[in-house]
Amino acid sequence: MNLLFAGSGWPIESAVEDPIGLERYLHDENAELHEQNHQLKLPDTIGILPIRNIVAYPGTVMPLAVGRQRSKNLLADIEPSGSLIGLVTQHNPETDNPDFNDIYSVGTVASVLKVIKIPQGSINIIVHGIVRFKIVKSVATEPYLRALVRPLRVHTKMTKQLQALMVSVRQTANRVIGLSPNIPEEASVLLENIENPSALADFLAANLNLKTDKKQQLLEQLDAAKRLEEISAALAANLEVLELSHKIQGRVREAVDKNQREYFLQEQLKAIQSELGKGDLKTEELKQIDKSIKKAKMPEKVEAEAIRELDRLSKIPPASPEYSVIRTYLDWVCELPWSVETKDRLDINKAERILNADHYDLKKVKKRILEFLAVRKLNPTGKSPILCFVGPPGVGKTSLGKSIARAMERKFIRISLGGIRDEADIRGHRRTYIGALPGRILQELRKCQSRNPVFMLDELDKIGADFRGDPSSALLEVLDPEQNFSFSDHYLDQPFDLSSVMFIGTANYTEPVPPALRDRMEVIELPGYTENEKLKIAKKYLIPRQLKEHGLKKTNLTIKDEAAHAIIRDYTREAGVRNLERNIAAVCRAVTTQIAKSKRRKAAIGKKDLTAILGPPQFESELALRTGIPGVATALAFTPVGGELLFIESASMPGKGILQLTGHIGDVMKESAQAAFSVVKANAKKLNIEPDRFRKFDYHIHVPAGAIPKDGPSAGVAMFTSLVSLLLGKAVRPDVAMTGEITLRGLVLPIGGLKEKILAAKQAGIKTVILPARNKKDIPEVPKEAQKGLKFAFVKNTDEALKIALEFI
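Note that the coordinates shown come from a computational prediction; the quantities given were computed from them, not determined experimentally. (Residues numbered from 1 in each chain as written. Predicted model: local features only at pLDDT ≥ 70, side-chain atom pairs only at ≥ 80, totals over all residues. Heavy atoms only, no water.)

As a further point, take the overall build of the protein chain. A tally of regular secondary structure across the protein chain gives 26 helices and 26 strands. A principal-axis box enclosing the C-alpha atoms of the protein chain has dimensions of 135 × 90 × 65 Å. Each of the 809 residues in the protein chain was classed as buried or not, and the buried ones make up 48%. Surface exposure of the protein chain reaches about 40800 Å², of which carbon and sulfur atoms provide 52%. Charge-centre separation for the protein chain: the mean point of 117 positive side chains lies 10 Å from the mean point of 100 negative side chains. (Helix = DSSP H or I, 4+ residues; strand = E, 2+ residues; numbered from the N terminus. Buried < 20%, exposed > 50% of the residue type's maximum accessible area, 1.4 Å probe, protein only. Areas by Shrake-Rupley, 256 points an atom, 1.4 Å probe, with all protein chains shown as cover. Lys, Arg positive; Asp, Glu negative; His and termini not counted. Charge placed at Lys NZ, Arg CZ, Asp CG, Glu CD.)

Now the structure itself:
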């Protein structure tokens, strides 16, 4: 709402034909009289003055700047003051010489109160709107517009509803006036003194910020009640905008006042500190950072860079965003352990006792750690080894890292690399990014406050890569002893020495680890445990730990060896001991519940008690799945969770000699099956197989558990044996399992994962294992316990394998 007042408070509307800054005009006190009470007699024809961008209402006084020739001609033809003219709004304000077609038909008769001639040639007039009129007929267009007019009378019938509407409109208008800083207080007084509803409507319509066509509609509306209703809606919309604007201005004002108050208090604090002989907060902060830089004992180049950044910081106001960026950077630089390290325990005998106390067996790993301590004892400045523990889940890779740190009296750090895809997780973000931080390597070193911890990089085989970079490539520098003495993080942008850190990686298997990264590490394999080893681990480590976690004592619960054996054999099928510990925990929970209910004080769990606690056995010997049907051979496979038995099934049906492969097998395994099929066909005569069978029958090789992916070449011997068994109609011995890759010449090539495969064979009740002859050298690495009860048949070719596998050949 844009109210303009002159003198005692009468409204003036500006922004007209050619608006200029005129002094506000003082109108007489009788201007409130409205058109229906006005006694002025209008002439039949009057001159028409087109106006643009404004609508004149009865009762309003407004200045007009007259510059068009027709308008000047009209003013020259009337009396200097008191003459009547018709003010009519143009349709298009851009029209310079409007005709009757270019103006509305309804306007306002106005009295010319004053004419002011400007030296530049234009004329300024002040007019007072008197009554509405309608153009009946055009009379002349030259020298100015002249028309036959008829006055319009408004319809006003005072009712209670109209009175209530007037009260509502006044209240809304008063609220608008209160929220408008440019409107004087007299406006509210004037509103209260207007009793005529039509006059009130015209007063508000003239001063509301509405479009010209909307104002024209209000002028043409002769029903005062309807006009007030439309004005009420427009006032409500205007009030909503003003209230929102006022709310926003209030928030801004509060923020400005708060900043001014803080600035004032800061200046006062500076003055007080100056009187006390102390520096301001910023000066004290800079001194503290300078002390921290010197205390960190960082390399010379890094210290020079930190001092340079500190000098930049001293020249930047604290309110600047750059100030906080540099401040955070200096905090990181000062808090990194540039010269802080723990002293290694070089008592080899004591370290050996700690390793033996924490882990059963794992002789190869323990031997390597003791060798490192021995070298460090003789050469304290030697480089730390970079080891990689590879083995199935649950064999103790991660816990072994903790034991190594405890044996060496170093701090232990572990980060999981599984699923990371951003190189910045290793190297950090550059300082140009908002919220930038160093990578995980430096973050963890800052937390442990030591430059020589045991640093475990868990799940190396599960690192991902995408458009943000390859984290495994960033690890190449970290895990290279020839480079990591000057590791450069993107955020720090200064070399940090990682050569004192003992890095240990872990992986379930090495194939997914990039060759360049694998080449930088010393791989130590942690194979799965035998049943006897698991029993010893359970008795020495798992059962005591679970008793402690469940608040039990040895006198409360005893798990007999037969029960532990049954859990290992019938309720778990794994290379490690993770599920074994879960089942032991389930037994402890069951006993704890009974003790808590006061049903018993102690329990001795035997094999017969397991069914009530753990349910029926989950696993049984794979031999129960075997049948004497020809075409079924038992293969040994190696998976990330240990060794497994695979049953290779072959079948034939009338056809054209097509080989079909199913069982969710990979490309390498498919090629192995094709090779086995080709070897059988090539040696058909030697094997007493009719050649016509390959032309008249189709063959199908299936590897059960079709939902589980399988791949690798080591099932070649089993596939060959399965096909020969099918074609000869002779069953494979049920106590024989085999593994080995074959060539088209029938040679049997060596395989990997030997220990895991032999363990799987022993657990399944296999008696004879057919192995490649070139794997004979690897047998000493297999625990003697796993070898006990097994017969190993080492073969060089498929003929030797068939002699052992088939019962009759």
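Turning to the nonpolar core, a few remarks are in order. Nonpolar side chains in soluble globular proteins generally cluster together in the buried interior. Ranked by internal contacts, the top residues of the largest apolar core, which has 51 residues, are Phe-389, Ile-404, Met-502, Leu-557 and Leu-610. Of the residues forming this core, the biggest block, 7 residues, is contributed by helix H17 (residues 531-549). Excluding residues within four positions of it along the chain, Ile-404 makes contact with Leu-355, Ile-369, Phe-389, Val-454, Met-502 and Ile-504. Grouped together as the second largest cluster of nonpolar side chains are 50 residues, Val-302, Cys-388, Ala-436 and Leu-479 included. (Core = buried A, V, L, I, M, F, W, Y, C linked by side-chain atoms within 4.5 Å. Contact = heavy atoms within 4.5 Å.)

Next up on the list: the sheet that holds strand E10 (residues 412-416). Read from one edge to the other, the open sheet built from 5 strands follows the order E10-E11-E14-E9-E15, with strand pairing classed as parallel. The open sheet has two edge strands with one neighbour each: E10 and strand E15 (522-525). Averaged over all pairs of adjacent strands, the angle between their axes in this sheet comes to 20 degrees, without regard to strand direction. Looking at chain direction, strand E9 (residues 387-390) and strand E14 (residues 502-507) are connected through 4 bridges and run parallel. Bridge pairing in E14 places Cys-388 opposite Gly-505. (Pairing = 2+ DSSP bridges. Axes fitted to C-alpha atoms, helices over the stretch in contact; angles between N-to-C directions.)

Tracing the chain through its elements places Lys-366 in helix H11 (residues 363-378). For Lys-366, a relative accessible area of 9% translates into the label buried. Among the polar contacts made by the side chain of Lys-366, one reaches the side chain of Asn-356 at a distance of 3.1 Å. Dropping the residues within four chain positions of it, Lys-366 is found in contact with Leu-355, Asn-356, His-359, Tyr-360 and Asp-361. (Polar contact = N/O pair within 3.5 Å; in protein donor to acceptor, adjacent residues only side chain to side chain.)

Our focus in this paragraph is the pattern of salt bridges. Opposite charge on two side chains lets them pair, provided their charged atoms get close. Scanning the model with the defined rule gives 38 salt bridges in all. Arg-70 is paired through a salt bridge with Glu-142; the nearest N and O atoms lie 3.0 Å apart. Linking Arg-70 in helix H1 (residues 69-76) with Glu-142 in the loop between strand E7 (123-140) and strand E8 (145-151), this pair joins segments that are 72 residues apart in sequence. Look at Arg-70 and you get partly exposed, because its relative accessible area is 21%. For Arg-569, the salt bridge is made with Asp-570, and the minimal N-O distance between the two is 4.0 Å. A relative accessible area of 31% means that Arg-569 is categorised as partly exposed. Salt bridges sharing partners connect three or more residues here, namely Glu-305, Arg-308, Glu-309, Arg-312, Glu-322 and Arg-431. (Salt bridge = Lys/Arg side-chain N within 4 Å of Asp/Glu carboxyl O.)

This part covers a nonpolar patch on the surface. On the surface, a cluster of nonpolar side chains totalling about 340 Å² of accessible area is made up of Leu-244, Ile-248, Val-252 and Val-256. Mapped onto the fold, Val-256 is located in helix H6 (residues 224-276). Val-256 sits in the partly exposed class, given a relative accessible area of 37%. (Patch = residues over 30% accessible without salt bridge, like charges linked within 9 Å, V, L, I, M, F, W, Y side chains within 5 Å.)

Note that Thr-611 resides in helix H20 (residues 610-614). Remark: the alpha-carbon pair of Thr-611 and Ala-575, spanning 36 residues in sequence, is separated by 23 Å. Ignoring anything within four residues of it in the chain, the contact list for Thr-611 reads Tyr-571 and Pro-616.

For strand E3 (residues 45-51), the tally of buried residues reaches 6 of 7 residues, placing the bulk of the element in the interior. Two strands pair when backbone bridges link them, and E3 and E8 are joined in this way by 4 bridges, in the antiparallel orientation. Residue pairing for E8: Ile-48 is matched across the bridge by Leu-145. Bridging between E3 and strand E5 (residues 84-89) involves 4 bridges; their strand directions are parallel. Looking at E5, one finds that Leu-49 is bridged to Leu-87.

This brings us to the packing of aromatic side chains. Scanning all chains against the criterion turns up 7 aromatic pairs. Judged by centre distance (6.0 Å) and plane angle (70 degrees), the rings of Phe-677 and Phe-694 are edge-to-face. With Phe-677 in helix H21 (residues 667-682) and Phe-694 in helix H22 (residues 693-696), the pair connects residues that are 17 residues apart, well separated along the chain. The residues Phe-677 and Phe-694 share a single accessibility class, namely buried. Ring geometry for Phe-677 against Tyr-699: centres 5.7 Å apart, planes inclined by 50 degrees, an arrangement best described as tilted. Residue Phe-677 is found in helix H21, and its partner Tyr-699 is found in strand E21 (residues 697-702); the two are separated by 22 residues along the sequence. Taken together, the ring pairs in this structure connect Phe-677, Phe-694 and Tyr-699 into an aromatic cluster. The side chain of Arg-431 reaches across the aromatic face of Tyr-329, ending 3.7 Å from its centre. Positioned over the ring face of Trp-332 is Arg-446, at 3.9 Å from the centre of the ring. (Phe/Tyr/Trp six-rings, centres within 6.5 Å; stacked < 30°, edge-to-face > 60°. Lys NZ or Arg CZ within 6 Å of the ring centre and 35° of its normal.)

This next bit is on the packing of helix H10 (residues 348-358) against H11. Two elements in contact, H10 and H11, have axes whose closest approach is 10 Å; the angle formed by their N-to-C orientations is 155 degrees. In this view, H10 runs roughly antiparallel relative to H11, as classed from their interaxial angle. Considering how the two elements wind past one another, H10 and H11 form a crossing that is right-handed. Contacts from Ile-348, Ala-351, Glu-352, Leu-355 and Asn-356 of H10 reach H11 at Lys-366, Ile-369, Leu-370, Leu-373 and Ala-374. By residue class, the composition of the contact of H10 with H11 is 7 nonpolar, 1 polar and 2 charged. (Parallel < 35°, antiparallel > 145°, perpendicular 65-115°, else oblique. Left-handed = near helix turned anticlockwise from the far one by under 90°. Nonpolar A, V, L, I, M, F, W, Y, C, P; charged D, E, K, R; others polar.)

Applying the stated criterion across every chain yields a total of 0 disulfides. There is no disulfide at Cys-334, and the cysteine sulfur nearest it, in Cys-448, is 17 Å away. For Cys-334, a relative accessible area of 15% translates into the label buried. (Disulfide = S-S within 2.5 Å.)

Such coordinate-based values are descriptive only and should not be taken to indicate function.
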